[in-house]
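So you can see what is in the structure, the chains are spelled out below.
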Amino acid sequence: MTQGSSGTTATVTPQARAVRLGPRSVAALVLVGAVGVAAFGWPFLAPPGSQVTAHAQDAPWLFAGLLVLLVAVVAATISESGLGPKAVAMLGVLAATGAALRPIGAGTAGLEPMFFLMVLSGRVLGPGFGFVLGSVTMFASALLTGGVGPWMPFQMLAMGWFAMGAGLLPGADRLRGRGELLVLAGYGFVAAFAYGTIMNMAGWPFMDENSTRIAFDADAAVPVNLARFVAYCLATSLGWDLGRALITVVLTVALGPAVLKALRRATRRAAFETPVTFDGPGGPADPTTG
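Quick caveat: nothing in here was measured; it's all calculated off a predicted structure. (Residues numbered from 1 in each chain as written. Predicted model: local features only at pLDDT ≥ 70, side-chain atom pairs only at ≥ 80, totals over all residues. Heavy atoms only, no water.)

## Considering the overall build of the protein
Along its length, the protein carries 10 helices and 2 strands. Per-residue burial over the protein gives 46% buried out of 290 residues. A total of about 14400 Å² of accessible surface is found on the protein, and carbon and sulfur atoms cover 68% of it. (Helix = DSSP H or I, 4+ residues; strand = E, 2+ residues; numbered from the N terminus. Buried < 20%, exposed > 50% of the residue type's maximum accessible area, 1.4 Å probe, protein only. Areas by Shrake-Rupley, 256 points an atom, 1.4 Å probe, with all protein chains shown as cover.)

## Comments concerning the packing of aromatic side chains
Inspection of every chain in the model, using the stated rule, returns 8 aromatic pairs. With a centroid separation of 5.8 Å and an interplanar angle of 50°, the aromatic rings of phenylalanine 40 and tryptophan 161 are classed as tilted. Here the residue phenylalanine 40 occupies a position in helix H1 (residues 23-45), and tryptophan 161 occupies one in helix H7 (residues 152-167), the gap between them amounting to 121 residues. The exposure class of phenylalanine 40 is buried, given its relative accessible area of 4%. Ring centres of tryptophan 204 and phenylalanine 216 lie 5.3 Å apart, and the angle between their planes is 70°; this geometry places the pair in the edge-to-face category. In this pair, tryptophan 204 sits in the loop between helix H8 (178-203) and helix H9 (222-236) while phenylalanine 216 sits in the loop between H8 and H9, placing the two residues 12 residues apart along the sequence. You can call tryptophan 204 buried: its relative accessible area is 0%. (Phe/Tyr/Trp six-rings, centres within 6.5 Å; stacked < 30°, edge-to-face > 60°.)

## Observations concerning the pattern of salt bridges
The final tally for this structure, using the stated rule, is 4 salt bridges. Here glutamate 180 makes a salt bridge to arginine 264, at a shortest N to O gap of 2.5 Å. Residue glutamate 180 is located in helix H8, and its partner arginine 264 is located in helix H10 (residues 238-270); the two are separated by 84 residues in the primary sequence. Each of the two residues, glutamate 180 as well as arginine 264, counts as buried. Ionic contacts of the salt-bridge type, sharing partners, join the residues Glu112, Asp241 and Arg244 into one network. (Salt bridge = Lys/Arg side-chain N within 4 Å of Asp/Glu carboxyl O.)

## Quick word on the side chain of threonine 248
Of note, threonine 248 is situated in helix H10. Accessibility expressed as a relative area gives 0% for threonine 248, which makes it buried. The contact partners of threonine 248, leaving out residues within four places of it in the chain, are Phe115, Phe116 and Gly188. (Contact = heavy atoms within 4.5 Å.)

## Observations regarding a positive patch on the surface
On the surface, a cluster of positive charge is contributed by Lys261, Arg265, Arg268 and Arg269. The topology assignment puts arginine 269 in helix H10. (Patch = residues over 30% accessible without salt bridge, like charges linked within 9 Å, V, L, I, M, F, W, Y side chains within 5 Å. Lys, Arg positive; Asp, Glu negative; His and termini not counted. Charge placed at Lys NZ, Arg CZ, Asp CG, Glu CD.)

## Description of the nonpolar core
Leu94, Met118, Phe129, Met159, Phe162 and Tyr195 are the most contacted members of the largest nonpolar core, which has 46 residues in total. Elements represented by at least two residues in this core include exactly H1, helix H4 (85-101), helix H5 (114-125), helix H6 (127-145), H7, H8 and H10. For this core, the element with the highest residue contribution is H7, accounting for 10 residues. Excluding anything up to four places from it in sequence, leucine 94 contacts Leu117, Ser121, Leu125, Phe129, Leu133, Thr137 and Leu263. By size, the runner-up hydrophobic cluster in this structure holds 9 residues, among which are Phe44, Trp204, Phe216 and Cys233. (Core = buried A, V, L, I, M, F, W, Y, C linked by side-chain atoms within 4.5 Å.)

## Some remarks on a nonpolar patch on the surface
Taken together, the side chains of Phe189, Val190, Leu242 and Leu246 present a nonpolar region at the surface, about 330 Å² in accessible area. Elements that contribute at least two residues to the nonpolar patch include exactly H8 and H10. With respect to the helices, strands and loops of the structure, phenylalanine 189 is situated in helix H8. Judged by relative accessible area, which is 30%, phenylalanine 189 ranks as partly exposed.

## Digging into the confidence of the model for the protein
When pLDDT is averaged along the protein, the result is 77; 68% of the residues meet or exceed 70. This stretch, residues 1-12, has a pLDDT under 50; its non-local contacts, to residues over four places away or in other chains, come to 13 contacts. Long-range and interchain partners of residues 286-290, a stretch whose pLDDT sits below 50, account for 0 contacts in this model, where long-range means more than four residues apart. (pLDDT = per-residue confidence, 0-100.)

## Section: the packing of H4 against H6
Two numbers describe how H4 lies on H6: the axes approach to 8 Å, and their chain directions differ by 45°. The orientation of H4 with respect to H6, classified from their angle, is oblique. Of the two elements, H4 crosses H6, and the hand of that crossing is right-handed. On the side of H4, the interface is formed by Ala87, Met90, Leu91, Leu94, Ala95, Gly98, Ala99 and Ala100, while H6 contributes Phe129, Val132, Leu133, Val136, Thr137, Ala140, Ser141 and Leu144. In the contact of H4 with H6, the residues fall into 13 nonpolar, 3 polar and no charged. (Axes fitted to C-alpha atoms, helices over the stretch in contact; angles between N-to-C directions. Parallel < 35°, antiparallel > 145°, perpendicular 65-115°, else oblique. Left-handed = near helix turned anticlockwise from the far one by under 90°. Nonpolar A, V, L, I, M, F, W, Y, C, P; charged D, E, K, R; others polar.)

Okay, structure coming up:
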């Protein structure tokens, strides 16, 4: 309930969510998050000389296979918690749109317009829907562009986190207008760099340590490898990540009001959270009569 300048009160309608996360869904997200952290960060988590670092070239493949199964489990768990036909239809439309947007500008300084759509969709439809949308969009995009490889599960998980984070931003029910656009643009800018950095962690261990001094060294200490990784990011992906971040901000500010309005209108019309009721033979029951 909020009070206007005239002293009247107005009810703030909570933002509808395509998926309300239950305990099982939250537990599944926590599990896949923990495994994801290990899958991306094992070069900094495993001590030198351990069995993981001894199989440095095999570890990304093993984690890739595990992530495919875990992302599928999370998607199925979230679906069981309320991803109904309406939400599935919206998921299909948004995932197809995101997959079609991704090839635009591919190979040109990180100009990837799909990221702003993931931010806005996660914001409106919530973290659970955002995670599934990000994962499904990257999977569809990989099939569309022929980008299927060991990196695909890492992309699916990273994009799921990216869109889920937008759904966790504060002020989902009350923040609107310019303030909301600034929050979403700021998140998109930071998250675009975070996405690039996370994906660097997935591909960095593949480099041949004998060919460059910025490659992962399985026998080196964590601080040494951390310095190598920072140098790797600066040398290989900084420009690409900056382009991705800037295009996300520009599109969020320019198209955000219209896209947010359209998504919220579609969400209201879909009435995801309207309970299904059945009328008796005598017509609708009167709730006041018990």
